[in-house]
Amino acid sequence: LNQGVMMKSVVALLLLAVLATGQAISFNKILDAEWFIFKTHHKKVYQSPIEEGYRMKIFLDNTRKIAEHNRKYEMKEVPYKLGMNKYGDMLHHEFVSTLNGFNKSVSAGIESVGASFISPANVELPREVDWRKHGAVTAVKDQGHCGSCWAFSTTGSLEGQHFRNTGVLVSLSEQNLVDCSGKYGNNGCNGGLMDQAFQYVRDNRGLDTEKSYPYEAENDKCRYNPRNSGAIDVGYVDIPQEDEEKLKAAVATVGPVSVAIDASHPSFQLYREGVYYDPDCSEESLDHGVLVVGYGTDSETGQDYWLVKNSWGETWGENGYIKMARNKNNHCGIATSASYPLDPVNDLGMNVVLVTGGTGLVGRAIQNVIEHDKRENEKWIFVGSKDADLCDKESTRKLFDDHRPTHVIHLAAMVGGLFHNMSHNLDFLRNNIHMNDNVLHTAHEYGVTKIVSCLSTCIFPDKTSYPIDETMVHNGPPHPSNYGYSYAKRLIDIANRGYYDQHGRLYTSVIPCNVFGPHDNFHPSASHVIPGLMRRLYDLCKDGASTEDKVFTVLGSGKPLRQFIYSIDLAKLIIWVLREYDSVEPIILSVDEAQEKSIAQVAETLARTFNFKGKVVYDTSAADGQYKKTASNAKLRKYLPDFQFTPFEQAIKETVDWYIKNYDRARN
C-alpha cells in the first residue's frame, strides 16, 4: 500500500513538473513576442547578440516596473500610469544623461538679462487653457539621442509668440540653435539654456525655419541664412521663480511658456497618462527643458495640472504630452525657471531700415521718395556724421544697438571731386575701408538681413572696353586719380561675397553713375562736377547784375563723357533694390547709354538754366580725368524695362532752383 501511495505521489510530482515546464515555456514565448514587437515597433537594431541580450534584460526589468506601478494606479494609489515606450531598453542613468539637456551650469559668453513678468491687472484668468486648440503649437517633435531639449523648448515658445502676433504658425529650427548659439553658453547636444537661446535669436535678428534648417540630432557647423528666417524676438521675460500663479497668468495671457523641470526619475522616463506626481521630484535640480502649453483640472480626480509638451516624439506619454501636477508646491520645479520670448509687437514683421549717410545727397533723396512711398511694414531711420563716427567701431556698434536695424542702406563715405581725390588718395582709402568694414561687420553681428551699399562707376578699371558692366569691376587697376576711393569701394563687393559664402548674408551693392541733385556738396574743393559748376555759376550770377562780360571757366577740355543720374531717380532704384533685388552680385544703376553727356554739354545746360549770358571758357591746362566711363544698364533694364528717368534738363532745373532757394543752408 505504501509503495502504491508513493508511486502515485511520484507520478503526480512528475505531472506537476511537466505542467510547470510547459507554462514556463509559454511565458518565455510571451516575453520573446513582446520583445520582438518592441524592437519592430520602435525600429531597434543592435550591434551584436550580446548587446541585444543586454537591452532585452533592461526591457524586461522596465516591463516589471511598469506592471508593478500600474497595479498601484488601478488601486488609485498613484495618479498616473506608466507604459512601455522607445526608451524602455535604456538604463535610467544613460537615458537621463542622453536626453536631459537643461544645463544651468553652462556659462554664458554674452551677458543676458531678461525683463521681469508683471501679471495683468483686472483680468480674470480662465479655469483652463490649451493653446493647441488655438493653433499656436506645432506638432510634437523628437530630439533623438541629443541633449537639445532646451532648443525645442525655445522654438516652441517662440513659435507660439510668433503665431499670436502674426496668425501664422511656423515650425522653427532647433538645429540652428544647436549649431549657432555656442558663444551664448549653449553646448548643442550637451545642453543649454532657453534664455540664452532667446538672446541669440535677438542678437542674430532671426531664426531659421525647420524646413530650411532641418534637425539632425547632432552638433554641426552653423549655417544660419537670414533669407530663411522664420521669426525674431527682441528679448525675453523671466517669470518670478517658484510662483505658479504668475506662471498661470503668463500661460493664459501670453501663450506657451518655456520651463525647466526635474525629469530625472524613472517614472518620468516611462510616463504614459494621468497627472504626474512623484514625491521625490525636486524643485531645484532641473535637468530638462519643456514647454507649458496650457493648464486645467482633471475631471476624474479633481487634480490641477500643467499641460506640457515634451520633445521625445508622439510615442512617449500622451501623444508626446504630459500632465504635470499643478499647485503642488512647484512640483518638479516647473515654475523655477520659466520664461518666454518677446516677439516684436509694434515692429512685428517690421523692416527697420537704417540709412547711413542719410543726410547727404542720396540719403535726402531717399527721404523725399519715402515720404510718398512708405510701406506699413517699414520703419526708416536716417543718420549722418553727427549721429555716429562710422570710422570708429564702438561708435558704430552703439548706432546699431540704439536702432536694431533689420536692413541697411550704406551711403556714408568720404567722397570728393577729381582734384580732392588726387591730393588725398590715402585718406580716401583708409577712411572708407574703416567705415565700410565697421558697418558691414557690425551689421553681421546684429543679424541685419540685408545691406545695400553704394559704390560708383569711377571704381572700374582705367583701361577697359566700353560699355562697362558688373562683371568688370575687378578687371584691372582704377584710374590713378582716385585709386584710394576706388579700391576701398571695390572691397565692399569682395566683403559682400565673403559674408554670403561664410554666413549666408544677403549683402549687395549698387553702382550708380554720376549723381547730382538737391542737398549735394557744393564746396569748391570737394564737390563733383555738376555741383562744382553750379557753385561757380551761382557766384557769377548772385549779385543780379548783367553777366554778359563775365567768364565762366570750366576746368579741362569739356570733352570727357559722363552719364548723370538725378538723385531722386537713384533713390527710387535703391529702394527697389532693397525691397526686390535678391542677389549678392552688384547692379549698375545708370541712365541709358544714349543719355551720356559731355562736360561741355553739362556746362552749357547749367549756363542756360542760370541765364548766364557771358562767355564759357575751357581751361585745357587742367586734367580731364578719364575720357569716358560709359556704363551698361542692361541688367537693370532686364528687371525694370519701363523705368522712366527724369529728363536731364528738368533734373538740372530742379537742382538749380533748390540750390538758389537753399543757398544759405546748403553745403558750400
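Note that the coordinates shown come from a computational prediction; the quantities given were computed from them, not determined experimentally.

So, how was this worked out
Residues numbered from 1 in each chain as written. Predicted model: local features only at pLDDT ≥ 70, side-chain atom pairs only at ≥ 80, totals over all residues. Heavy atoms only, no water. Patch = residues over 30% accessible without salt bridge, like charges linked within 9 Å, V, L, I, M, F, W, Y side chains within 5 Å. Areas by Shrake-Rupley, 256 points an atom, 1.4 Å probe, with all protein chains shown as cover. Salt bridge = Lys/Arg side-chain N within 4 Å of Asp/Glu carboxyl O. Helix = DSSP H or I, 4+ residues; strand = E, 2+ residues; numbered from the N terminus. UniProt positions renumbered as here; feature names shortened; annotations may be inferred. Domains from an automatic or database assignment. Contact = heavy atoms within 4.5 Å. Buried area = accessible area lost by both parts, 1.4 Å probe. Disulfide = S-S within 2.5 Å. Expected span 1.5 Å × (residues − 1). Buried < 20%, exposed > 50% of the residue type's maximum accessible area, 1.4 Å probe, protein only. Pairing = 2+ DSSP bridges. Axes fitted to C-alpha atoms, helices over the stretch in contact; angles between N-to-C directions. Core = buried A, V, L, I, M, F, W, Y, C linked by side-chain atoms within 4.5 Å. Arc of directions from axis to C-beta. Polar contact = N/O pair within 3.5 Å; in protein donor to acceptor, adjacent residues only side chain to side chain.

1. Some words on a nonpolar patch on the surface
A surface patch of nonpolar side chains, amounting to about 260 Å² of accessible area, comprises Phe-419, Met-422 and Leu-555. Checked against the element boundaries, Phe-419 lands in helix 11 (residues 418-423).

2. Describing the pattern of salt bridges
Overall, the coordinates contain 29 salt bridges when judged by the stated rule. With a shortest N-O distance of 3.8 Å, Asp-304 and Arg-326 are connected by a salt bridge. Remark: Arg-326 occurs in the loop between strand 11 (321-325) and strand 12 (339-341) and Asp-304 occurs in strand 10 (residues 304-309); sequence separation between them is 22 residues. Through salt bridges that share partners, Asp-61, Arg-64, Lys-65 and Glu-68 make up one connected network.

3. Thoughts on the UniProt feature "domain: Peptidase C1A papain C-terminal" (unreviewed entry) in the chain
Those residues carrying the UniProt feature "domain: Peptidase C1A papain C-terminal" (unreviewed entry) are residues 125-342 in this numbering. The span residues 125-342 carries 23% helix and 21% strand; its end-to-end C-alpha distance comes to 21 Å.

4. Structural notes on the domain arrangement of the chain
You can read the domains of the chain as domain 1 (23-78), domain 2 (95-342) and domain 3 (351-665). For domain 2 and domain 3, the distance between their C-alpha centres works out to 50 Å. The interface is formed by eight residues belonging to domain 2 together with 14 residues belonging to domain 3. Counting the surface domain 2 buries against domain 3, the share from its top three residues, Arg-205, Pro-226 and Arg-227, is 63%. Joining domain 2 to domain 3, the criterion identifies one salt bridge. With a closest N to O distance of 3.6 Å, Arg-404 and Asp-203 form a salt bridge.

5. Looking at the state of the cysteines
The bond known as a disulfide is covalent and runs between the sulfur atoms of two cysteines. The tally for this structure, following the rule as stated, stands at three disulfides. Put simply, Cys-146 and Cys-189 are joined by a disulfide, and their sulfur atoms are 2.0 Å apart. Its S-S torsion of approximately -95° makes the covalent link between Cys-146 and Cys-189 left-handed. In this pair, Cys-146 is assigned in the loop between strand 3 (129-130) and helix 4 (149-166) and Cys-189 in the loop between helix 5 (174-180) and helix 6 (194-204), connecting sequence segments 43 residues apart.

6. Here we look at helix 15 (residues 567-580)
Taking 1.5 Å of rise per residue, 14 residues should cover 20 Å, and helix 15 covers 20 Å from first to last C-alpha, within 8% of that figure. Where burial is concerned, most of helix 15 is hidden: 12 out of the 14 residues are buried. Buried residues of helix 15: Ser-567, Ile-568, Asp-569, Leu-570, Ala-571, Leu-573, Ile-574, Ile-575, Trp-576, Val-577, Leu-578 and Arg-579, and no others.

7. Examining the sheet that holds strand 15 (residues 407-410)
Spatially, 14-13-15-16-17-22 is the arrangement adopted by the six strands of the open sheet, whose pairing is parallel. In this open sheet, the two edge strands, each paired with only one partner strand, are strand 14 (378-382) and strand 22 (587-589). Each strand of the sheet is rotated relative to its neighbour by a mean of 20°, with strand direction disregarded. Looking at chain direction, strand 15 and strand 16 (residues 450-454) are connected through four bridges and run parallel. Looking across to strand 16, one finds that His-407 is bridged to Lys-450. Relative to the sheet, helix 10 (residues 393-403) contacts strand 13 (351-356), strand 14 and strand 15, its axis offset from that of strand 13 by approximately 150°. Here helix 13 (residues 483-503) sits on the sheet in contact with strand 16 and strand 17 (506-512), set at roughly 155° to strand 17.

8. A word on the nonpolar core
Counting 62 residues, the largest nonpolar core has Ile-366, Trp-380, Ile-409, Ile-574 and Leu-589 as the members making the most contacts within it. If you tally residues by element for this core, the top one is helix 15, at nine residues. The residues contacting Leu-589, other than those within four sequence positions of it, are Val-510, Ile-511, Pro-512, Cys-513, Ile-565, Leu-570, Leu-573, Ile-574, Val-577 and Leu-636. Formed by 53 residues, the second largest nonpolar core is a distinct cluster that contains Ala-136, Val-254, Ala-263 and Ala-325.

9. Some thoughts on unusual backbone geometry
Following Tyr-466, the chain continues to Pro-467 via a peptide bond in cis, the omega torsion being 5°. Positive phi, close to 60°, is recorded for Asn-329, a residue that is not glycine. Along the polypeptide, Asn-329 turns up in the loop between strand 11 and strand 12. Its identity is not glycine, yet Asn-330 carries a phi of approximately 55°, on the positive side. With respect to the helices and strands, the residue Asn-330 is situated in the loop between strand 11 and strand 12.

10. Some words on helix 10
Among the residues of helix 10, those classed as buried are Thr-396, Leu-399 and Phe-400. Seen along its axis, helix 10 keeps its buried residues to an arc of 90°; they face one direction. Residues of helix 10 that are exposed and point over 90 degrees away from its buried face: Glu-394 and Lys-398. Two or three places before Glu-394, at the start of helix 10, stands the capping residue Asp-392, its side-chain oxygen 3.3 Å from that residue's backbone nitrogen. Among the residues trailing helix 10, Arg-404 stands out with phi positive, at a value near 45°.

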